[in-house]
Each structure stands twice: as C-alpha cells, then as structure tokens.
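Descriptive analysis of the structure
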Amino acid sequence: MTVAKVSVPCDFGVENLYDEFHGNVTVEFKDSTSMKASSLILSWNSEVFTHLFKELRQGTVELKDFSKEAAVILLESLYSGDIVVKRSHFREIYKISHAFKVKWLSEKCIAAFTEFCESSSQDFNDMVFLFNEALYSEKTLKCEKLMEIVVSTFFKFEKMSEMFVGPYLSEYFTSTKPAALNQLLEICCGQFIPVLQAVKEHLLTDGIVDIIHTILSHEDVVQCMVSESQLYDE
C-alpha cells in the first residue's frame with residue numbers, strides 16, 4: 001500500500017517539538033541555547049532543510065542570524081501548521097520564512113501584512129511602520145510584494161501625500177542625507193527618470209515637501225507607481 005505524501009501546512013503536534021524522543025537533529029539559537037527537532041518535519045516544510053539534512057548530511061542547524069523568538073516561532077509553526085503573525089515580530093518571521101523558503105509561511109506573512117494595511121488607522125506612525133517593513137523587504141530580501149501592497153493601499157487614502165510622504169521625507173530624509181532621499185524618490189518614481197532628474201536639480205531651491213507633493217500630483221508618476229510600467233525611455 002502506498003502512503004500518500006503529507007502536504008503542508010500540517011498539524012504534526014507542536015507538543016512533539018518539546019519531546020526530545022522525536023528529535024534527531026539539533027537546532028542552535030542566537031543565545032547559544034539549543035533544542036532537538038525532527039528532520040522529517042522540518043524537511044517536509046522546507047527544501048532548504050531537505051538540502052541540509054539529506055544532501056549535506058548535517059545534524060545541526062544554526063539559526064543564529066535570527067532572534068530566538070523568531071526561530072522558535074518558526075519551529076512551532078512547522079510542527080503545528082499554523083501561525084499568528086504579529087506586528088512585533090513580523091520582520092523576523094518574514095525574513096526567516098524567506099530564508100528557509102517556507103512557502104506557506106511566507107504567504108501567511110503576506111496575508112498578515114495585507115491585513116495590517118487594510119486595517120491601518122492612517123496614523124503617521126502606523127504608515128511609517130508599514131512603509132519601512134515594505135522598504136526592508138524590497139531592499140534586503142529582494143521581494144517587491146510588500147511595497148506593491150503598501151503603494152496600492154496608500155493611494156486609497158485621501159490626501160496621502162500630506163498625511164505621509166511629506167512628513168516622512170521631512171523627518172527622515174533631510175538634505176543632510178541625500179543618498180537616502182534619492183532612494184525614496186527612486187521608489188516613488190520607478191523608472192520615471194526625467195522626473196527624478198528634475199527633482200534632483202531643484203533640491204537646492206525647493207522644499208522637500210513641495211517637491212514630493214509635485215511628484216505625487218503628476219498623473220504619469222502615480223500611474224508608474226501603481227502599474228510599475230516604464231513610461232519613458234532612459
């Protein structure tokens with residue numbers, strides 16, 4: 001009789017994670033502590049774990065590049081087949097799910113982030129959190145999905161430029177940090193090179209808030225941000 005392959009996410013029983021009888025590999029954490037886990041359960045969830053255990057024959061996995069909280073949450077979710085993604089640990093959980101290519105967990109993180117955006121209070125600090133998480137994902141993880149969600153959400157807000165972009169630039173990207181300012185402008189403009197060059201030329205004479213308001217009031221730039229299409233040749 002052929003046994004059907006287990007599909008994940010699956011509830012293997014999180015209690016089994018804390019029973020060393022079921023653990024045949026060691027997981028080491030950032031704080032130098034460790035615990036046992038099942039290579040079979042980890043491999044079912046992640047091709048990276050499969051490579052480490054089956055092909056490289058490793059008996060120890062180091063999760064020292066992540067907070068211990070995120071590492072334990074990862075293991076518990078792989079055993080339970082479920083997770084509640086919170087704002088407080090979102091970045092670390094998304095990062096670790098991305099690193100170990102746990103597809104269903106990454107999808108859970110994206111779904112949670114979408115919910116964060118849809119339930120946004122439109123408070124400045126809340127918008128900063130969402131934007132910074134999306135920016136980190138795009139620049140560090142090379143994943144543009146979160147930025148797409150943020151842009152799509154923010155453009156539904158009335159007076160978005162006054163509520164967020166102007167204050168954000170004024171507070172975080174002053175003229176003393178031109179590289180950071182240019183980075184944000186490039187995200188806003190995408191491939192809209194002529195506008196970006198014009199903005200840079202006027203940095204010394206115009207206020208940052210006025211500049212970003214001008215950008216966001218430009219119909220073609222808004223379309224570029226939403227559709228990610230290249231409207232002009234470089």
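Since the model is a prediction, treat every value here as computed from it, not as a measurement.

Cut-offs and rules
- Residues numbered from 1 in each chain as written.
- Predicted model: local features only at pLDDT ≥ 70, side-chain atom pairs only at ≥ 80, totals over all residues.
- Heavy atoms only, no water.
- Helix = DSSP H or I, 4+ residues; strand = E, 2+ residues; numbered from the N terminus.
- Contact = heavy atoms within 4.5 Å.
- Areas by Shrake-Rupley, 256 points an atom, 1.4 Å probe, with all protein chains shown as cover.
- Salt bridge = Lys/Arg side-chain N within 4 Å of Asp/Glu carboxyl O.
- Buried < 20%, exposed > 50% of the residue type's maximum accessible area, 1.4 Å probe, protein only.
- Core = buried A, V, L, I, M, F, W, Y, C linked by side-chain atoms within 4.5 Å.
- Phe/Tyr/Trp six-rings, centres within 6.5 Å; stacked < 30°, edge-to-face > 60°.
- Lys NZ or Arg CZ within 6 Å of the ring centre and 35° of its normal.
- Pairing = 2+ DSSP bridges.
- Axes fitted to C-alpha atoms, helices over the stretch in contact; angles between N-to-C directions.

Let us now look at the overall build of the chain. Regarding its fold elements, the chain presents twelve helices and three strands. Long-range pairs, those at least 24 residues apart, make up 63% of the contacts in the chain with a sequence separation of at least 6. Of the accessible surface of the chain, which amounts to about 12,900 Å², a share of 51% is contributed by carbon and sulfur atoms.

Side chains bearing opposite charge may pair, as long as their charged atoms lie close to each other. Following the criterion strictly, the structure yields seven salt bridges and no others. Of the charged contacts in the structure, one is a salt bridge between Arg87 and Asp126, with a shortest N-O distance of 2.7 Å. With Arg87 in the loop between helix H3 (68–80) and helix H4 (90–99) and Asp126 in helix H6 (residues 124–140), the pair connects residues that are 39 residues apart, well separated along the chain. Given a relative accessible area of 33%, Arg87 falls into the partly exposed group. One salt bridge in this structure joins Glu92 and Lys95, with 2.9 Å as the shortest N-O distance.

Ranked by internal contacts, the top residues of the largest apolar core, which has 53 residues, are Leu42, Phe49, Phe90, Phe100, Phe113 and Val150. In terms of residue count, H3 provides more of this core than any other element does, eight residues in total. With residues near it in sequence (within four places) discarded, Phe49 still touches Leu42, Ser43, Val61, Leu78 and Phe100.

The tally for this structure, following the rule as stated, stands at eight aromatic pairs. Measuring from centroid to centroid gives 4.7 Å for Phe49 and Phe100, while their planes differ by 15°, and the two rings are stacked. A residue pair is termed long-range when its members are at least 10 positions apart, and Phe49 in helix H2 (residues 47–55) and Phe100 in the loop between H4 and helix H5 (103–118) qualify at 51 residues. Measuring from ring centre to ring centre gives 5.7 Å for Phe90 and Tyr94, while their planes differ by 20°; the resulting arrangement is stacked. Of this pair, Phe90 and Tyr94 both sit in helix H4, four residues apart, which is roughly one turn of the helix. The class of Phe90 is buried, set by a relative accessible area of 1%. You can call Tyr94 buried: its relative accessible area is 3%. Taken together through their ring pairs, the aromatic side chains of Phe90, Tyr94, Phe113, Phe116 and Phe129 make up a single cluster. Sitting above the plane of the Phe116 ring, Arg87 keeps its charged end 5.0 Å from the centroid.

Here the focus is the pairing of strand S1 (residues 25–28). In the sheet, S1 pairs with strand S2 (residues 34–37) via four bridges, with the strands oriented antiparallel. Among the inter-strand pairings, Glu28 is bridged to a residue of S2, identified as Ser34. Between S1 and S2, which pair antiparallel and follow one another directly, the connecting turn spans five residues, one of which, Ser32, has a positive phi of 75°. Bridge analysis of S1 against strand S3 (residues 60–62) gives three bridges, and the strand direction is parallel. Bridging from a neighbouring strand, Val27 pairs with Val61 of S3.

With that settled, the discussion passes to the sheet that holds S3. Taken together, three strands build an open sheet; the order of strands is S2-S1-S3 and the sheet is mixed. Looking at strand neighbours, the two that pair on one side only are S2 and S3, the edges of this open sheet. Between one strand axis and the next, the sheet turns through 25° on average, direction left out of account.

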